[in-house]
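Spelled out from the first residue to the last, the chains are:
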Amino acid sequence: MSYWFQSSERAHIMVIDDSVDELQVLLAALRRAGHRISLDFDALGGYRRAGVLQPDLILLDMHLEASSGFETCRLLKADHTTAHIPVIFLTAGATLEERLTCLREGGVDYILKPFEPEEVLVRISVHLALARRGAHPPDGVAEAPRRPSEPEAEPPHDLDRVIARAAQRLIESDLANIPPLPALAARVGTHEKRLTRAFRAHTGRTVLEFAREERLSRAQHLLAQSRLSIEEVAHAIGFSGAANFTTAFKERFGSTPAAYRQLSRDCTCDA
């Protein structure tokens, strides 16, 4: 059998879960395997401790009492000090959409409750091996993010910066369905006032200004590179119709979408 399922290396595992009774079997299995364990019951506290402790892998409950595990994962993946740490979600009775969201939000895997200790240890072993060896996974196993070799020059554990970056990523991921500001703030584990302050401090723009610029920049790409109609481009980036989109596009770039598309095609032909 290959090393994917035989790693005996001991690791530092952080568990972020507030279901104490359900954790006993899991924690006992981790201890028997020789892993070092850090335990946190709070989403934001777990994120902050992960930045300090730098565990090898994080087991994260999808449904924490005060928040969603997705919020914690978004912060972890938006922070350069923790983005490389593999996150495995723990969940009971998750729907298909929730399981897919685990992966979309940056999790490398998910484990269903109640736990089978042997399965947990095997999955941990797989993702520790991937993270440590930088190897390509076998079919059906997601690849863990790698530790950055040269971290960005920015203050460590700057939560406002991480919140702003996480919100940016959410906006960019689905420009056609950007949530209202209160909902966007909740999805990155904060409130509207703090998100607004953090976003302006770290991007120089309001959330609305950033979203509008991203939508119009994406429109440029779609007009130049796709065969979508003007109406289809408008809907793809979240405008209600071609008329509103055309007005906004002309105000920003000085030409209509149709004129921009024609110019892009003419330049391609000339090249």
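Residues numbered from 1 in each chain as written. Predicted model: local features only at pLDDT ≥ 70, side-chain atom pairs only at ≥ 80, totals over all residues. Heavy atoms only, no water.

Asker: I would appreciate a short explanation of the sheet that holds strand β4 (residues 87-91) in the present structure.
Answerer: Spatial ordering of the open sheet is given by β2-β1-β3-β4-β5, a layout of 5 strands whose pairing is parallel. Two strands in the sheet have a free side with no partner beyond their single neighbour: β2 (36-40) and β5 (109-112). Along the sheet, successive strands turn relative to each other by an average axial angle of 20°, direction set aside. Strands in contact with helix α5 (residues 117-133) are β1 (12-16), β3 (57-61), β4 and β5; relative to β5, the strand with the most contacts, it is inclined by about 175°. (Pairing = 2+ DSSP bridges. Helix = DSSP H or I, 4+ residues; strand = E, 2+ residues; numbered from the N terminus. Axes fitted to C-alpha atoms, helices over the stretch in contact; angles between N-to-C directions. Contact = heavy atoms within 4.5 Å.)

Asker: So what exactly am I meant to see when it comes to the packing of aromatic side chains here?
Answerer: The description of an aromatic ring pair rests on the distance of the ring centres and on the angle between the ring planes. Under the definition given, this model contains 6 aromatic pairs. With a centroid separation of 5.4 Å and an interplanar angle of 70°, the aromatic rings of Phe199 and Phe210 are classed as edge-to-face. Remark: Phe210 occurs in helix α9 (residues 207-225) and Phe199 occurs in helix α8 (residues 192-203); sequence separation between them is 11 residues. With respect to burial, Phe199 and Phe210 carry one shared label: buried. Considering the side-chain rings of Phe245 and Phe249, the 5.7 Å spacing of their centres and the 65° angle between planes classify their relative orientation as edge-to-face. Remark: Phe249 and Phe245 occur in helix α11 (residues 242-253); sequence separation between them is 4 residues, near one turn of the helix. The rings of Phe239, Phe245, Phe249, Phe253 and Tyr260 are connected pair by pair, giving a single aromatic cluster. (Phe/Tyr/Trp six-rings, centres within 6.5 Å; stacked < 30°, edge-to-face > 60°. Buried < 20%, exposed > 50% of the residue type's maximum accessible area, 1.4 Å probe, protein only.)

Asker: When you look at the nonpolar core in this model, what are you seeing that I'm missing?
Answerer: One recurring pattern in soluble globular proteins is that nonpolar side chains are buried together. Counting 36 residues, the largest nonpolar core has Ile58, Leu60, Phe89, Ile171, Leu195 and Phe199 as the members making the most contacts within it. Broken down by element, this core gets its largest block of residues, 8 residues, from helix α6 (residues 159-173). In this structure, Phe89 is in contact with Leu60, Met62, Gly69, Phe70, Cys73, Cys102, Gly107, Asp109, Tyr110 and Ile111, ignoring residues within four places of it in sequence. If you look at the next biggest cluster of nonpolar residues, it comprises 17 residues, including Ile13, Leu23, Val120 and Leu128. (Core = buried A, V, L, I, M, F, W, Y, C linked by side-chain atoms within 4.5 Å.)

Asker: Honestly, the layout of surface pockets in this entry has me stumped. Any pointers?
Answerer: A water-sized probe rolled over the atoms picks out the places where empty space is left. The calculated volume of the largest pocket comes to roughly 400 Å³. Forming the boundary of the largest pocket are 17 residues, of which Arg74, Arg104, Glu105, Leu170 and Ser173 lie nearest the centre. Residue assignment for the lining of the largest pocket shows that the elements contributing at least two residues are α3 (69-78), α4 (96-104) and α6. Tallying contributions element by element places α6 first for the lining of the largest pocket, with 4 residues. Among the residues forming the lining of the largest pocket, the class breakdown is 5 nonpolar, 4 polar and 8 charged. (1 Å grid on protein atoms, 1.4 Å probe; cavity = no way out; pocket = protein on both sides within 12 Å on 5 of 7 lines; lining within 4 Å. Points joined across faces, edges and corners; volume = space filled by probe spheres on them. Nonpolar A, V, L, I, M, F, W, Y, C, P; charged D, E, K, R; others polar.)

Asker: Help me understand the side chain of Glu71 in this model?
Answerer: Summarising the element assignment, Glu71 is placed in helix α3. If sequence neighbours within four positions are ignored, Glu71 has contacts with Ala186, Arg187, Val188 and Gly189.

Asker: Sorry if this is basic, but what is going on with the pattern of salt bridges here?
Answerer: Side-chain pairs of opposite charge can arise where the charged atoms are in close proximity. Throughout the structure, instances matching the rule amount to 13 salt bridges. With its nearest N and O atoms 3.9 Å apart, the salt bridge here joins Arg212 to Glu251. With Arg212 in helix α9 and Glu251 in helix α11, this pair connects stretches of sequence that are 39 residues apart. Of the residues examined, Arg212 reaches a relative accessible area of 39% and is grouped as partly exposed. Residue classification places Glu251 among the exposed residues on the basis of a relative accessible area of 61%. Put simply, Asp17, Asp61 and Lys113 are held in one network by salt bridges that share partners. (Salt bridge = Lys/Arg side-chain N within 4 Å of Asp/Glu carboxyl O.)

Asker: What is the right way to read unusual backbone geometry from this model?
Answerer: Most peptide bonds adopt trans geometry, and most residues besides glycine take a negative phi value. Following Lys113, the chain continues into Pro114 via a peptide bond in cis, with omega recorded as -5°. Its location among the elements puts Pro114 in the loop between β5 and α5. With phi around 50°, Gln54 is a residue other than glycine that occupies positive phi space. As for its placement among the helices and strands, Gln54 is situated in the loop between α2 (43-53) and β3.

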